[in-house]
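Structural overview
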Amino acid sequence: MRIARFSIDGNVAFGAVEGDKQDELVLDIIKGIPFADFELSGTKVPLSKVRLLPPVLPNKVVAFGRNYADHARELGHEVPDVPFAFFKPSTSVIGPGDEIRYPAFSQELHHEAELAVVIGRMCREVPRERVKDVVFGYTCANDVTARDVQKREKQWARAKGFDTSCPLGPWVETDLDLDRANDLTVQLTVNGDQRQLGRTSEMIHPIEDLIVNISEAMTLLPGDVILTGTPAGVGPLNVGDEVAVTIEGIGTLTNKVVKRG
């Protein structure tokens, strides 16, 4: 099931996305919230009539860096022996079609296409064999990075945590199992030109290891998001660019870069 969060006529709701052709997609509005038992209302609205929002509002976004060997090497970094985590604040999250605002303190903005894991229940100290039980689903993400600031500052809070630096969407796909999620094509285009192309099977640490690692340290809450790393090919974004992340079996997340007002 593809579950989207959207607004229509000033109201915010979740809905199940139905259909195959983009111009024929409809939303069956969900009664309640998707992280608990819910029912489909049977009330349907065309996707074209709503505004898609970030599919979840996470309490926290835990991102893992250098989880693809080729990406680590392209930036001159060593490949870490254990998962390497950092945070992006909830205020960095935007949805499909929202604008990425180029931060005034940077001159080198980069894209990073990533598979995002959405947590479905409160959990901590999750054993590897139970990871599948705490995953709600998967969505597309762009870990937008002020690369010059990342290089200059020892902490990555500003470089990766500025407002609009975490596009998520377009919806959460709940029907992918872990084996499938660990072998999906991830690609990114800028103005239609392919910049990144990889597979999640190239990750150094698979999804299970990432969730085991972070849940040893902290409690994960429903709606929290885990970013799993980016394949090689990261590069610059400029004002006016349209950047699109496409992940096999999920969909496409598109955003435009604008000058920060």
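Just so you know, these numbers come straight off a predicted model, no measurement behind them.

Rules and cut-offs
- Residues numbered from 1 in each chain as written.
- Predicted model: local features only at pLDDT ≥ 70, side-chain atom pairs only at ≥ 80, totals over all residues.
- Heavy atoms only, no water.
- Helix = DSSP H or I, 4+ residues; strand = E, 2+ residues; numbered from the N terminus.
- Rg over C-alpha atoms; globule rule 2.2 N^0.38 Å.
- Buried < 20%, exposed > 50% of the residue type's maximum accessible area, 1.4 Å probe, protein only.
- Contact = heavy atoms within 4.5 Å.
- Areas by Shrake-Rupley, 256 points an atom, 1.4 Å probe, with all protein chains shown as cover.
- Lys, Arg positive; Asp, Glu negative; His and termini not counted.
- Charge placed at Lys NZ, Arg CZ, Asp CG, Glu CD.
- Core = buried A, V, L, I, M, F, W, Y, C linked by side-chain atoms within 4.5 Å.
- Domains from an automatic or database assignment.
- Buried area = accessible area lost by both parts, 1.4 Å probe.
- Salt bridge = Lys/Arg side-chain N within 4 Å of Asp/Glu carboxyl O.
- Polar contact = N/O pair within 3.5 Å; in protein donor to acceptor, adjacent residues only side chain to side chain.
- Pairing = 2+ DSSP bridges.
- Axes fitted to C-alpha atoms, helices over the stretch in contact; angles between N-to-C directions.

1. Overview of the overall build of the protein chain
Along its length, the protein chain carries six helices and 20 strands. Over its C-alpha trace the protein chain gives a radius of gyration of 17 Å, about what one expects of a compact globule, namely 18 Å for 261 residues. With respect to the principal axes defined by its C-alpha atoms, the protein chain has extents near 55 × 45 × 25 Å. A total of 261 residues make up the protein chain; the buried ones form 54% of that total. Long-range pairs, those at least 24 residues apart, make up 70% of the contacts in the protein chain between residues at least 6 apart in sequence. As displayed, the protein chain has an accessible area near 11800 Å², and 48% of this comes from carbon and sulfur atoms. Separation of charge centres in the protein chain, based on 29 positive and 38 negative side chains, amounts to 5 Å.

2. Considering the environment of Pro170
For Pro170, the position within the fold is in strand S14 (residues 166–173). Judged by its relative accessible area of 4%, Pro170 falls in the buried class. Between the alpha carbons of Pro170 and Leu109 there is a distance of 22 Å; along the sequence they are 61 residues apart. Leave out the neighbours within four places in its chain, and Pro170 touches Ala4, Leu52, Pro96, Thr139, Cys140, Gly251, Thr252 and Leu253.

3. Some words on helix H6 (residues 207–215)
In terms of burial, H6 is a largely internal element, seven of the nine residues being buried. Among the residues of H6, Ile207, Glu208, Leu210, Ile211, Val212, Ile214 and Ser215 are the ones counted as buried.

4. Quick notes on the nonpolar core
In this structure, Leu109, Tyr138, Ile207, Ile211, Ile226, Ile247 and Ile250 are the most contacted members of the largest nonpolar core, which totals 45 residues. Broken down by element, the residue count for this core peaks at five residues, all from H6. If you look at the next biggest cluster of nonpolar residues, it comprises 18 residues, including Ile30, Val56, Val61 and Phe86.

5. Topic: the domain arrangement of the protein chain
Per the domain assignment, the segments of the protein chain are domain 1 (2–51) and domain 2 (61–259). Measuring from the centre of the C-alpha atoms in domain 1 to the corresponding centre in domain 2 gives 25 Å. In this assembly, nine residues from domain 1 lie in contact with twelve residues from domain 2. Across the domain 1/domain 2 interface, buried area totals approximately 780 Å², and carbon plus sulfur atoms make up 66% of it. Between Asp98 and Arg51 there is a salt bridge, with the nearest N and O atoms lying 3.1 Å from each other. Across the domain 1-domain 2 interface, the total number found is two residue pairs in polar contact (both at pLDDT 80 or more). For the side of domain 1 that touches domain 2, the leading source of residues is strand S1 (residues 2–8), giving three residues.

6. A closer look at the pairing of strand S2 (residues 11–18)
Where S1 lies against S2, seven bridges are found, and the strand directions are antiparallel. The residue bridging Arg5 from the neighbouring strand is Phe14, located in S2. In this antiparallel pair of consecutive strands, S1 and S2, the connection spans two residues, and Asp9 shows a positive phi of 55 degrees. Bridge count for S2 against strand S3 (residues 26–31) is four bridges, and the pairing is antiparallel. Across the sheet, the residue bridging to Val17 is Leu27, located in S3.

7. Observations concerning the sheet that holds strand S20 (residues 251–259)
On the basis of which strands lie adjacent, the open sheet formed by five strands has the order S9-S20-S19-S15-S16 and mixed pairing. Each having just a single partner strand, strand S9 (99–102) and strand S16 (193–199) make up the two edges of the open sheet. Ignoring strand direction, the axes of neighbouring strands in this sheet form an average angle of 20 degrees. Of the pairings in the sheet, the one linking strand S15 (residues 185–190) to S16 comprises six bridges and is antiparallel in character. Note that in S16 the partner of Thr185 across the bridge is Arg199.

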